[in-house]
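# Analysis of the macromolecular model
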Amino acid sequence: AVPRTRILATGGASHNKKILQVLSDVFNAPVFTIDTANSACLGSAYRAIHGLVAERNVSLADVVKLAPEPRLAATPTPGAEEV
């Protein structure tokens with residue numbers, strides 16, 4: 001089975017509920033956010049950790065499992081996919 005699409009919104013717009021709702025409706029997918037001020041830096045940090053442990057055959061997916069769980073911010077409005 002193909003996993004459902006899910007959107008992870010970061011940055012300044014991720015604090016705007018209306019923008020998150022539009023994203024959810026347009027892509028017909030739930031939108032999640034994370035409580036991180038600078039998500040680009042966070043991604044770089046996980047890549048750096050992965051580089052440090054790569055020789056031990058630790059995958060990036062295993063490193064990212066340490067990340068805080070994103071929180072659901074918006075779900076598609078029923079019928080939005082028909083618009």
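Here, every reference points to the structure presented above.
Rules behind the numbers
Residues numbered from 1 in each chain as written. Predicted model: local features only at pLDDT ≥ 70, side-chain atom pairs only at ≥ 80, totals over all residues. Heavy atoms only, no water. Helix = DSSP H or I, 4+ residues; strand = E, 2+ residues; numbered from the N terminus. Buried < 20%, exposed > 50% of the residue type's maximum accessible area, 1.4 Å probe, protein only. Contact = heavy atoms within 4.5 Å. Phe/Tyr/Trp six-rings, centres within 6.5 Å; stacked < 30°, edge-to-face > 60°. Lys NZ or Arg CZ within 6 Å of the ring centre and 35° of its normal. Pairing = 2+ DSSP bridges. Axes fitted to C-alpha atoms, helices over the stretch in contact; angles between N-to-C directions. Core = buried A, V, L, I, M, F, W, Y, C linked by side-chain atoms within 4.5 Å. Expected span 1.5 Å × (residues − 1). Arc of directions from axis to C-beta. Salt bridge = Lys/Arg side-chain N within 4 Å of Asp/Glu carboxyl O.

### Structural notes on the overall build of the protein chain
- A tally of helices and strands in the protein chain yields three helices and three strands.
- For the protein chain, the residues scored as buried account for 25% of the 83 residues in total.
- Taking the contacts inside the protein chain whose residues are at least 6 apart along the sequence as the reference set, 63% of them involve residues at least 24 apart.

### Section: the packing of aromatic side chains
- The tally for this structure, following the rule as stated, stands at zero aromatic pairs.
- Stacked on the ring of Phe-32, the Lys or Arg Arg-6 has its end atom at 4.7 Å from the ring centre.

### Topic: the sheet that holds strand 3 (residues 71-74)
- Taken together, the three strands give an open sheet; going across it, the order is 1-2-3, and neighbouring strands pair in mixed fashion. The open sheet has two edge strands with one neighbour each: strand 1 (7-9) and strand 3. Sheet twist, expressed as the average angle between the axes of neighbouring strands with direction ignored, equals 45 degrees.
- Examined bridge by bridge, strand 1 and strand 2 (residues 31-33) share three bridges and lie parallel to one another. Within strand 2, the residue paired with Ile-7 across the bridge is Val-31.

### A few points about the nonpolar core
- Ile-7, Ala-9, Leu-20, Ala-29, Val-31, Ala-73 and Ala-74 form the largest nonpolar core, which has seven residues in total.
- Elements supplying a minimum of two residues to this core: strand 1 and strand 3.

### Here we look at helix 2 (residues 39-53)
- With 15 residues, helix 2 should cover 21 Å at 1.5 Å per step; its first-to-last C-alpha distance of 21 Å lies within 8% of that length.
- All buried positions along helix 2 are accounted for by Tyr-46, His-50 and Val-53. Down the axis of helix 2, the smallest arc covering the buried residues is 75 degrees, so these residues share one side. Every exposed residue of helix 2 that faces more than 90 degrees away from the buried side is listed here: Ala-40, Arg-47, Gly-51 and Leu-52.
- Summarising the contacts, the buried residues of helix 2 are in contact with helix 3 (60-64).

### Considerations on the pattern of salt bridges
- For the coordinates displayed, the defined rule picks out one salt bridge.
- Residues Lys-65 and Asp-62 are paired through a salt bridge, measuring 3.3 Å at the closest nitrogen-oxygen approach.
- The exposure class assigned to Lys-65 is exposed, which follows from its relative accessible area of 64%.
- Given a relative accessible area of 39%, Asp-62 falls into the partly exposed group.

### Focus: the side chain of Ser-14
- Among the structural elements, Ser-14 can be located in the loop between strand 1 and helix 1 (17-27).
- Aside from chain neighbours lying at most four places away, what touches Ser-14 is Ala-9, Leu-20 and Thr-33.

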